[in-house]
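# Structural overview for review
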Amino acid sequence: MNRKDWHIKMNHIAFQHKERLILDDINLQIRHNDFILMTGQNGSGKSTLLRIIAGLLKPSMAQISSGHHKQSWPQARNMLRQRICYLHQQPYLFHGTVFDNIAYGLRRKKVPKQEIGHRVNLALQTFSLESLINRDCRELSGGEKQRVAIVRSWIIKPDIILLDEPFANMDKESRFKSYDLINQLQHNDIAVLLTSHDPQMGALNINQHLHLYQGKMVSKHL
Amino acid sequence: MEELSSASIQALTLLFSGNVEIWRIIGVSFTVSVKAILIATVPAVIIAFLLSYYVFPGRRLLIALFNTALAIPAVVVGLTLYILLSRAGPLGDLHLLFTQQAMIIGQIILSFPILVAMSHASLQASDRRAWETAITLGAHPLRAALTVLREVRFGLIAAIIAAFGRIIAEVGSSMMVGGNILNYTRNIPTAIALETSKGSFAQGIALGMVLLFLALLLNLSLTWFQGKGEVNS
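Thresholds, definitions, all that
- Residues numbered from 1 in each chain as written.
- Chains lettered and ligands numbered in written order.
- Predicted model: local features only at pLDDT ≥ 70, side-chain atom pairs only at ≥ 80, totals over all residues.
- Heavy atoms only, no water.
- Buried < 20%, exposed > 50% of the residue type's maximum accessible area, 1.4 Å probe, protein only.
- Helix = DSSP H or I, 4+ residues; strand = E, 2+ residues; numbered from the N terminus.
- Contact = heavy atoms within 4.5 Å.
- Pairing = 2+ DSSP bridges.
- Axes fitted to C-alpha atoms, helices over the stretch in contact; angles between N-to-C directions.
- pLDDT = per-residue confidence, 0-100.

Residues and elements named next belong to chain B. Where helix 10 (residues 188-198) is concerned, the buried positions are I188, P189, T190, A191 and E195. Buried positions along helix 10 lie against helix 2 (20-53), helix 8 (153-169), helix 9 (172-178) and helix 11 (201-225). Of the residues flanking the end of helix 10, it is G199, one or two places downstream, whose phi is positive at about 80°.

In structure tokens, the structure reads:
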């Protein structure tokens, strides 16, 4: 299926942990170039939902389809992991340099070594992060880590990037730099779903706003 | 005191004069212990990984058993193996008693719980986001597992060094299942025990020096692998 025609539909998503129902009958569709903001209080189930969408957490129940085909969880999980990239609230950077981290996904895709170098350099230039290329990731600031993690996801060209509270604990300057970077994802044919406490995201090109309240999707509006 | 210093001088002379017997004993020690650690490490790390990342019935019991096994005395392992491998024992037909293979088996049994428990502790303290990040960046689960192991490599190296340190210095199991046969199963600890019982302290001290030097080397290498040796700011 053409990248532009590809979409993912997830219906009746439920997730229960022990006795507690964390997500209850969530329906969601993500299409090419969507930019979705998901808001909700702490504990409303945002991160759990993102991890299910990313194929990292098995839901108690869900109907998942891409195109016209409904898929079993193992099939869906593999498809989700191939097409979707998930960034934690505090992204994890592997031990090593910024180059090593950004090259990680390309190495997994068996991209030739010379091309990896070229593509990593290009990616860092595109997002004005070239000065960080040889920096040890442990020495980066929180904002720099966030941006490096976004570039690391962007470079493998997923269909969707999920960002879990990307602006939490960020100062104003870092926040604006990240806004620019996230807006660029959309220009690169990548759908974005991000979660936030703050519904005021005027600087982002959001086309859909979802709100979670105690595990339920309580409002959907553009 | 005088006796100790004169024995130490004799020990150094023995070591540096290229005494064949001494160096063969050192060779047996290293051959047996290196083989044991090489065989034990991979399955032990796999078990540690499974214990850390998968939830299955009996998991906690298994962790408790491995932790308990840390305290097993070498001589008990030696005795159990001796019974199993002796001619009348269930594994007597394998004719392994008083061979290097039997010593290797004993040392694998001794090192395994250390490797599992210490690797598990490292993996348990590791960040689950490393696994999820590797998966979400397109890594196959096996590749993601290798990435996580790389992230905790200092802990794993410490586990290997600690396990190696234990088995190269153990005497109980090697003595019982190896038989302390010169040029074949006599290793550093069994030789020290024998020479000391004969009152020949120089050779015992010489071999003790090798063990101490080895301990120093292991610790230096661990410190080197761990980098700066301080918490990152």
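Here we come to the pairing of strand 8 (residues 191-196) of chain A. All names here are of chain A. Counting buried positions over the six residues of strand 8 gives six, a clear majority of the element. Side-chain alternation along strand 8 places A191, L193 and T195 on one buried face and V192, L194 and S196 on a second face that is also buried. Relative to strand 8, strand 3 (residues 35-40) is paired through five bridges, and the arrangement is parallel. Pairing of I36 across the sheet is with L193, part of strand 8.

We now examine the sheet that holds strand 5 (residues 69-71) of chain A. Residues and elements named next belong to chain A. On the basis of which strands lie adjacent, the open sheet formed by four strands has the order 2-1-4-5 and antiparallel pairing. The sheet terminates laterally at strand 2 (20-31) and strand 5, the two strands that pair on one side only. Each neighbouring strand pair of the sheet contributes to a mean axis angle of 20°, computed without reference to strand direction. Bridge count for strand 4 (residues 61-66) against strand 5 is three bridges, and the pairing is antiparallel. Bridge assignment links S65 to a residue of strand 5, and that residue is K70.

Turning our eyes to something else, we now look at the confidence of the model for chain A. Averaged over all residues, the pLDDT of chain A equals 90, while 96% of them reach at least 70. For chain A, the element scoring lowest by mean pLDDT is strand 10 (residues 216-221) of chain A, at 76; helix 3 (residues 98-108) of chain A scores highest, at 97.

The next thing to look at is unusual backbone geometry. Although it is not a glycine, K18(A) adopts a positive phi angle of roughly 55°. For K18(A), the location among the structural elements is in the loop between strand 1 (7-17) and strand 2. For N180(B), which is not a glycine, the phi torsion comes out positive at approximately 60°. Note that N180(B) resides in the loop between helix 9 and helix 10.

Let's shift gears to the environment of L132(A). Residues and elements named next belong to chain A. Along the chain, L132 turns up in the loop between helix 4 (113-126) and helix 5 (142-154). Note: C-alpha distance between L132 and E144 (12 residues apart in sequence) is 8.7 Å. Excluding anything up to four places from it in sequence, L132 contacts V98, L140, E144 and V148.

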